[in-house]
Amino acid sequence: MTNMICFNYKSDKDALKDDLNMSNGGTSVFINVLCLSGGRLAETESQKHFMVFLAEKNQNVCGIGTVGFDIVDMPWDKNSFDEDKAFMLRVIEGARQKLGWETLGYEPNEEFVAEYLDTFQKLIERMTAEDIIEESLTEWSSEADENDPTRCGFPKCKIHDAYISIHGCQVCID
Ligand SMILES: [Zn+2]
């Protein structure tokens, strides 16, 4: 099994060739490096939402091969769209620059990571304010109970400086 990240899967079938298909192990590494980068770059609440969303993509908790997602289902907010999109592109660039990699207990395969980041960047670049599904943010937020990090001041992992999800630190446990 693999994990797939796609763009507007339901309405844009022609774009399937651009999807990001990753091995299960590759997915864990890919999310690891994004969490490390974003943990060091996020400043606004909306940006932290993106990092918690990614930290939730934990195969050790959710199940192997079940953490793919659609770009339009990320917690995009109309009020800060341009800022958030630019932030996500900075997170990708930060991952290329190996932000936080010194805290990892292993050496990611740079070739795979670079390939995944390039494809992910293309998908993020395609996102426009018109693609925002209003319910994506409200539904995602409504799933958070009172113990959810998004309601407890966005705590971070002390080892990895990454934002944690309700499952804990994605880098620690996936
Ligand atoms: Zn950690």
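Nothing here was measured: the structure is a model prediction, and the numbers come from that model.

1. Considering helix 4 (residues 81-96)
An ideal rise of 1.5 Å per residue puts 22 Å on 16 residues; helix 4 measures up with 23 Å between its terminal C-alpha atoms. Those residues of helix 4 not exposed but buried are Asp84, Phe87, Met88, Val91, Ile92, Gly94 and Ala95. Looking straight down helix 4, one finds that the buried residues subtend no more than 160° of arc, so they occupy a single side. Among the structural elements, helix 1 (24-41), helix 2 (45-55) and helix 5 (110-126) are those in contact with the buried residues of helix 4.

2. Looking at the pairing of strand 2 (residues 20-23)
Only one face of strand 2 is buried, namely the one carrying Leu20 and Met22, since none of Asn21 and Ser23 on the opposite face is buried. Inspection of the sheet shows strand 1 (residues 2-6) paired to strand 2 by four bridges, in the antiparallel sense. Note on strand 2: the bridge partner recorded for methionine 4 is asparagine 21.

3. Some words on the packing of helix 4 against helix 5
The description of two helices packed together rests on the angle between their axes and the distance between the axes. One way to put it is that helix 4 packs onto helix 5 with a least axis distance of 10 Å and a crossing angle of 170°. By the angle class used here, helix 4 and helix 5 are roughly antiparallel. On helix 5, the residues touching Lys85, Met88, Leu89, Ile92, Ala95 and Arg96 of helix 4 are Ala114, Leu117, Phe120, Gln121 and Ile124. Tallied by class, residues from the contact of helix 4 with helix 5 come to eight nonpolar, one polar and two charged.

4. So, the sheet that holds strand 1
Here we have three strands laid out as an open sheet, ordered 2-1-3, and mixed in their pairing. Strands with a single pairing partner mark the edges of an open sheet, and in this sheet they are strand 2 and strand 3 (69-70). Helix 1 rests against strand 1 and strand 2 of the sheet, and its axis sits at about 110° to strand 2. In the packing of helix 5 onto the sheet, the strands contacted are strand 1 and strand 2, and the crossing angle to strand 2 comes to about 150°.

5. Examining the pairing of strand 1
One ladder, built from two bridges, connects strand 1 with strand 3; its direction is parallel. By the bridge assignment for strand 3, isoleucine 5 is matched with phenylalanine 69.

6. Topic: the environment of tyrosine 116
By the secondary structure assignment, tyrosine 116 is in helix 5. Residue classification places tyrosine 116 among the buried positions, given that 25 C-beta atoms sit within 10 Å. Residues tyrosine 116 and glycine 26 lie 90 residues apart in sequence; the distance between their C-alpha atoms is 8.7 Å. With residues near it in sequence (within four places) discarded, tyrosine 116 still touches Leu20, Met22, Gly26 and Phe30.

7. A closer look at the environment of tryptophan 140
Summarising the element assignment, tryptophan 140 is placed in helix 6 (residues 134-142). As for tryptophan 140 and valine 113, which are separated by 27 residues in sequence, their C-alpha atoms are 27 Å apart. Residues in contact with tryptophan 140, not counting those within four places in the same chain, are Phe53 and Pro75.

8. Examining helix 2
Among the eleven residues that make up helix 2, eight are buried, leaving the element largely enclosed by the rest of the structure. Buried within helix 2 we find Gln47, Lys48, His49, Phe50, Met51, Val52, Leu54 and Ala55. Here the buried face of helix 2 lies against helix 1, helix 4 and helix 7 (170-173).

Parameters and conventions
Residues numbered from 1 in each chain as written. Predicted model: local features only at pLDDT ≥ 70, side-chain atom pairs only at ≥ 80, totals over all residues. Helix = DSSP H or I, 4+ residues; strand = E, 2+ residues; numbered from the N terminus. Expected span 1.5 Å × (residues − 1). Buried ≥ 20, exposed ≤ 12 C-beta atoms within 10 Å, placed from the backbone. Arc of directions from axis to C-beta. Contact = placed C-beta atoms within 7 Å. Pairing = 2+ DSSP bridges. Axes fitted to C-alpha atoms, helices over the stretch in contact; angles between N-to-C directions. Parallel < 35°, antiparallel > 145°, perpendicular 65-115°, else oblique. Nonpolar A, V, L, I, M, F, W, Y, C, P; charged D, E, K, R; others polar.

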